[in-house]
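# Structural overview for review
In case you want the letters, here they are:
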Amino acid sequence: MGKIKVATGILQGCFGCHIAILDLHEELLDILSSMEIVRSPINDVKDVPEVDVGLLDGSVSNMDNENVAKIFREKSEKIVAFGTCACLGGVPGLRNLFDLQSVLNRGYIETESTVDGKIPSSDEIPKLLPYVKALHQVIDVDYKLPGCPPTPQRIKEFFVSLLNGREPVLPKKNLCHECLRQHKEMYVPKREFITDSVHSITELEHIDETLCFLEQGVLCMGPATREGCDSRCIKGNTPCRGCMGPTDDAMEQGAKMINALATILPAGGLMFLEDVVGVGYRYSMPVSIIPHVMEGK
Amino acid sequence: MNIGLFLSKVDGSVSKVIDLKQVATHFAGLPLIKIYDNLLSTSAQKEIAEEIRRNNIEGVILAGQSPLFYKKVRNADKIFDILRKAGINSNKIAVVNLKEQVALPHRSNSEEATKKAKVLIEVALEKVRMSKRVEHVGVSPKKHVLIIGSTTGGLFAGQRLAEKGFHIFYLNESLKELQGEEKELLRPTLAYLRNNDNVRFIESSINDFYGYPGNFRVQLANGEKVRAGAIILSIQKDLGYTAKLYPFLRLEKDEEGYFKNLFSDTATVETAQPGIFMIPHADDMSLSSIISLADSANTAVNKLLDHGDIQHELFVSEVDKEVCGGCGTCIKTCIFRAAELDPVTKLSSTNFKRCVGCGNCVSACPTGARDQVSATTKYLISAIKILSSYSSGNSPKILFIACEGCGYPSLDYAGKIGVEYTSNLLPLSVRCAGRIDTQLILEAFNYGFDGVAICKCHDDHCLNIVGNLDLDRRANLFREVIRSRGIEPERLRIFGTTECEGGYCVENAMKFIEYLKGL
């Protein structure tokens, strides 16, 4: 059997997910023995040849992204939404909190350092879509591999599954399942909040590396976030920001986190974070129940 | 699934407003549709059972009277026994309130009423289709009765039960020596009770309470554990004591804050909680009234406990172990301590003896691993979508989410007292305000509702103790999310009814619609 042919492409993203492939280091060579990357931004081939697997990194934000996505769909047997932006819309999706005109005005005219700004317009520049979308909202997607970026280990497992003819599956549970920190208060069947106050991590002198962040009054998105990132941030003593997105059985991350927090942490303390929306929807705005501002409400 | 739709004219009160023939034609695809003058007539009840068997019906929709009617009118609930005997699972039965929530309030607009009736029946169809069968557990009833409060009524009821061979536990915070006339009257009864080995008087208070009718478990402050098949509440009017008992017994309270019976005229000794009975107390009550209430309570307890086996339906919250990650949110949320950590798997599980099925943990669960047997999240979303299909022309359309405790009865009450309101208020019943996952509110706006009104119990009247509080907390955090989508946060309005059965909610909903028109 010949090698599996793979093409990768970048939409609106930061290339971080591509870099994560390279982060496999020598292990990449093992995979490449049965897989050939025939097209990627790294080898700078412009056209997309017919491939077995097409990997797209980034969200769909402009007409070029949309076009590239459609070409990939046409040329690929299987399409993989690769990374959080492709799966959930990611950080670029936060622009959905504003209508397009406001975004352009802010970016090109209203920024404090801009003098005589003007919104660029040319046939050469792809037009921005009114709102940012996740890949599956534009083309049919066969597999999703979320993570900002996905861990090299996950990427490897994903390819190994494909190469062995197994369906790659996403974990279904939340991050608390793989998080190794201890729960104490969270398991006490009492209605009192687990802490008296809420802190931002920067104001804490000491963060216990073994105890649940929430139990230290630090907001952690872990409960409303899919596992599968190897709890990298947690291991680095930083709370989860939710890049893996919601679990399959929750409809969205933001509302679910609010529902949960209402009975865990003192709400007044939470408000102090002052950014319920940014925290709840940092990575998943375009796949949330109301994926962008509604006009006329 | 074969679903049978039974439409009731309710002796003309529904059929003179709603064109039931048109409704029947609309649902002609169903295997069985019948229109009766009244579903509770002798002939209708007989025929319904036969038709179900003949057509292999697995799910039933009763469209006519309010679900509350079947609780309130004595023996009206027997129709559910008939359905169950015919093989229908309780979770495959839906009641559509065509009378109180459509025909009466929209009596001047037959066309809209008929249209709305169709939409509400669609919702019920969805519920029956999407619900799984509820499971049962058999409880062999304990022949023990806990009587809280040795008042005159309680003593008389206990004496009768003791004679029948029941073990009786009297629970009082402290026992007072009887005085004067009362002492004269009760002396022989007390002598009988005190000299009976099966009767005990305990001075203590309740620390923990859970279980089913037939087998309640009561942990007392003095360390004793009492098991009782039934409870009789026979306390004097005492707000302090009522407040202490409330979190355990979860009985409805009247406007003044005292426990109240299920219905003052038709279900005098029954309460909203099966297996808990009460002898209502009033200062000016005649002795003969007290004795007859005591006898009613005695009969009710006998009826309940005189079975070899009581079937208890597990309308609880379930956990999908494939999804639960063991974060503990539900454990913190459940006031009934029904959410537990499985010590081996470190995942959450439900203690069915404690779970009251309110659904607060289902809202709280950040993974969606928990779901409510009586109304799954998928059903509620589907219901919102169907309700949103009702077109109200140019006027704003609101989703009116009503909790079973206060919101729903309020809406019924408004219909009953003749309040007419516009048909652009689309009701969705939920078990408790705590069940309102904020995702549902987003879905409502997403499907095109102009506003969401939530009608819930007043502060300390929530039958699930903290459901309304948790809704408020969630809503406070949530408004910012609505605002971020360009939706005016005022489009979500939450009313707590001051009087649980007043027309207050509808009045507010109409003001809300007026407000939305102005936006």
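Residues numbered from 1 in each chain as written. Chains lettered and ligands numbered in written order. Predicted model: local features only at pLDDT ≥ 70, side-chain atom pairs only at ≥ 80, totals over all residues.

## A look at the overall build of chain A
What counts is decided by this rule: Numbered from the N terminus, helices here are DSSP runs of H or I no shorter than four residues, and strands are runs of E no shorter than two. Put simply, a residue is buried when 20 or more other C-beta atoms lie within 10 Å of its own C-beta and exposed when 12 or fewer do; between those, it is partly exposed, and each C-beta is set from the backbone. Contacts are defined on C-beta atoms placed from the backbone: any two residues whose C-beta positions lie within 7 Å are in contact.
Across its full length, chain A carries eleven helices and seven strands. Judged by the C-alpha coordinates and their principal axes, chain A covers about 60 × 55 × 35 Å. Taken over 297 residues, chain A has a buried fraction of 44%. For chain A, restricting intrachain contacts to residue pairs at least 6 apart in sequence, the fraction spanning at least 24 positions comes to 77%.

## Let's talk about the pairing of strand β21 (residues 451-456) of chain B
All names here are of chain B. Applicable threshold: Note: two strands are recorded as paired if DSSP finds a minimum of 2 bridges between them. Look down the strands so they point away from you; if going from the first strand over the helix to the second traces a clockwise path, that crossover is right-handed.
With six of its six residues buried, β21 lies for the most part within the structure. Of the two faces of β21, the one holding Gly451, Ala453 and Cys455 and the one holding Val452, Ile454 and Lys456 are both buried throughout. As defined by bridge partners, strand β19 (residues 398-403) adjoins β21 across five bridges and the pair is classed as parallel. Pairing of isoleucine 401 across the sheet is with isoleucine 454, part of β21. By the bridge criterion, five bridges tie β21 to strand β22 (residues 492-496) in an arrangement that is parallel. Note that in β22 the partner of lysine 456 across the bridge is glycine 496. What joins β21 to β22 is helix α16 (residues 467-484), and the crossover it makes is right-handed.

## A look at the sheet that holds strand β12 (residues 230-233) of chain B
All names here are of chain B. Note the threshold: What counts as an axis is a line fitted to C-alpha atoms, over the stretch in contact for a helix, and the angles between N-to-C directions run from 0 to 180 degrees.
Taken together, five strands build an open sheet; the order of strands is β8-β7-β6-β12-β13 and the sheet is parallel. The outermost strands of the open sheet, each flanked by one partner alone, are β8 (199-203) and β13 (276-278). Across the sheet, the mean angle separating the axes of adjacent strands is 20 degrees when strand polarity is ignored. Note that strand β7 (residues 167-172) and β8 share five bridges and pair parallel.

## Notes on the confidence of the model for chain B
Filter applied, for reference: What pLDDT expresses is the predictor's confidence in each residue, scored from 0 to 100.
On average, residues of chain B carry a pLDDT of 94, and 99% of them reach 70 or more. Interface predicted TM-score (ipTM) for the complex: 0.95; the corresponding pTM is 0.95.

## Regarding the nonpolar core
Generally speaking, soluble globular proteins have nonpolar side chains that are buried together. Residue and element names in this part refer to chain B. For clarity, the threshold we go by: As used throughout, a nonpolar core is a set of buried Ala, Val, Leu, Ile, Met, Phe, Trp, Tyr and Cys residues joined through C-beta atoms within 7 Å of each other.
Core analysis: the largest hydrophobic core is formed by 147 residues, its most contacted members being Ile61, Ile398, Leu399 and Phe400. With eight residues, helix α6 (residues 110-130) is the largest single contributor of residues to this core. When near neighbours in sequence (up to four residues on either side) are disregarded, phenylalanine 400 contacts Leu425, Leu426, Pro427, Leu428, Ala453, Cys455 and Ala509. The next biggest cluster of nonpolar side chains, apart from the first, holds 42 residues, and it includes Ala157, Phe166, Ile231 and Ile235.

## Examining the sheet that holds β21(B)
Residues and elements named next belong to chain B. An order of β20-β19-β21-β22 is seen for the four strands of this open sheet, with the pairing classed as parallel. Each end of this open sheet is capped by a strand with a single partner; those strands are β20 (425-430) and β22. Taking each pair of neighbouring strands and ignoring which way they run, the sheet shows an average axis angle of 20 degrees. Lying on the sheet, helix α13 (residues 377-388) is in contact with β19 and β20; it crosses β20 at an angle near 165 degrees. Sheet strands in contact with helix α17 (residues 504-518) are β19, β20, β21 and β22, and its direction is about 165 degrees off that of β21.

## Examining helix α14 (residues 407-416) of chain B
Residues and elements named next belong to chain B. Of all the ten residues making up α14, nine are buried; the element is thus mostly covered by neighbouring parts of the structure. Every buried residue of α14 is listed here: Gly407, Tyr408, Pro409, Ser410, Leu411, Asp412, Tyr413, Ala414 and Gly415. Residues of α14 that are buried make contact with α3 (67-72), α5 (99-103), β19, β20, β21 and α17. Note on α14: the residue one or two positions beyond its end, glycine 418, has a positive phi of about 95 degrees.

## Quick notes on the interface of chain B and chain A
Counted only if it meets this: Polar here means any residue outside two lists: the nonpolar Ala, Val, Leu, Ile, Met, Phe, Trp, Tyr, Cys and Pro, and the charged Asp, Glu, Lys and Arg; Gly therefore counts as polar.
At the junction of the two partners, chain B supplies 44 residues and chain A supplies 43 residues. Only α11 (329-333), α12 (360-364), α15 (438-446) and α16 of chain B provide two or more residues apiece to the side of chain B that touches chain A. Here the element with the most residues in the side of chain B that touches chain A is α16(B); it accounts for nine residues. Considering only residue class, the side of chain B that touches chain A consists of 17 nonpolar, 14 polar and 13 charged.

## Some thoughts on the packing of helix α7 (residues 152-163) of chain B against helix α8 (residues 180-194) of chain B
All names here are of chain B. Where we set the bar: In what follows, roughly perpendicular refers to angles from 65 to 115 degrees, roughly parallel to angles under 35, roughly antiparallel to angles over 145, and oblique to any angle outside these ranges. Take the far helix as your reference; a near helix turned counterclockwise from it by less than a right angle gives a left-handed crossing, and one turned clockwise gives a right-handed crossing.
As a packed pair, α7 and α8 sit with axes 10 Å apart at the nearest point and diverge in direction by 30 degrees. Looking at the two axes, α7 sits roughly parallel to α8. Crossing angle aside, the handedness with which α7 passes α8 is left-handed. In this structure, α7 contributes Thr152, Leu155, Phe156, Gly158, Gln159 and Ala162 to the contact, and α8 contributes Glu182, Leu186, Thr189, Leu190, Tyr192 and Leu193. Taken together, the residues that form the contact of α7 with α8 break down as seven nonpolar, four polar and one charged.

## A short note on the packing of α7(B) against helix α10 (residues 287-305) of chain B
When two helices pack together, you describe them by how their axes are tilted relative to each other and by the distance separating the axes. Residue and element names in this part refer to chain B. The N-to-C vectors of α7 and α10 enclose an angle of 45 degrees; their axes lie 8 Å apart at closest approach. For the element pair α7 / α10, the angle class is oblique. For the crossing formed where α7 meets α10, the hand is right-handed. Along its contact with α7, which presents Thr152, Gly153, Phe156, Ala157, Arg160 and Leu161, the element α10 presents Ile290, Ile291, Leu293, Ala294, Asp295, Ala297, Asn298 and Val301. When its residues are assigned to classes, the contact of α7 with α10 shows nine nonpolar, three polar and two charged.

## Description of α16(B)
Residues lying three or four places apart along an α-helix face the same way, a consequence of the helix completing one turn every 3.6 residues. Residue and element names in this part refer to chain B. Put simply, the rule reads: By definition here, a helix of n residues has an expected span of 1.5 Å times n minus one. A residue's bend is given by the angle between axes fitted to the 7 residues ending at it and the 7 residues starting at it.
Between the first and last C-alpha of α16 there are 26 Å, a value that for 18 residues agrees with the 26 Å anticipated at 1.5 Å per step. Largest kink in α16: about 35 degrees, centred on leucine 477. For α16, every residue scored as buried is listed here: Gly467, Asn468, Leu469, Asp470, Leu471, Arg474, Ala475, Leu477, Phe478, Val481, Ile482 and Ser484. Trailing α16 by a residue or two, glycine 486 shows a phi angle of about 80 degrees, which is positive.

## Thoughts on the pairing of strand β3 (residues 59-64) of chain B
Residues and elements named next belong to chain B. Burial analysis of β3 places six of its six residues in the buried class, the great majority of the element. Of the two faces of β3, both are covered, the one formed by Gly59, Ile61 and Ala63 as well as the one formed by Val60, Leu62 and Gly64. In terms of strand pairing, strand β1 (residues 3-8) meets β3 through five bridges, oriented parallel. In the sheet register, phenylalanine 6 faces β3, and the bridge partner there is leucine 62. For β3 and strand β4 (residues 93-97), the ladder comprises five bridges, and the chain directions are parallel. Residue pairing in the sheet places glycine 64 in a bridge with asparagine 97 of β4.

## Points about the environment of Ser76(A)
Residue and element names in this part refer to chain A. Within the secondary structure, serine 76 is located in strand β5 (residues 76-82). Residue serine 76 is classed as buried on the basis of its 24 C-beta neighbours within 10 Å. Setting aside its immediate chain neighbours within four residues, serine 76 contacts Ala7, Val51, Val53 and Gly54.

## What to know about unusual backbone geometry
In the segment running from Cys148(A) into Pro149(A), the intervening peptide bond is cis, with an omega of -10 degrees. Relative to the helices and strands, Pro149(A) is located in the loop between β7 (143-145) and α6 (152-163). With phi around 35 degrees, Ser231(A) is a residue other than glycine that occupies positive phi space. As for its position among the elements, Ser231(A) is in the loop between α7 (175-178) and α8 (232-235). A positive phi is found at Asn56(B), a non-glycine position, where the angle reads about 50 degrees. Here Asn56(B) is to be found in the loop between α2 (42-54) and β3. With 11 C-beta atoms packed within 10 Å, Asn56(B) lands in the exposed category.

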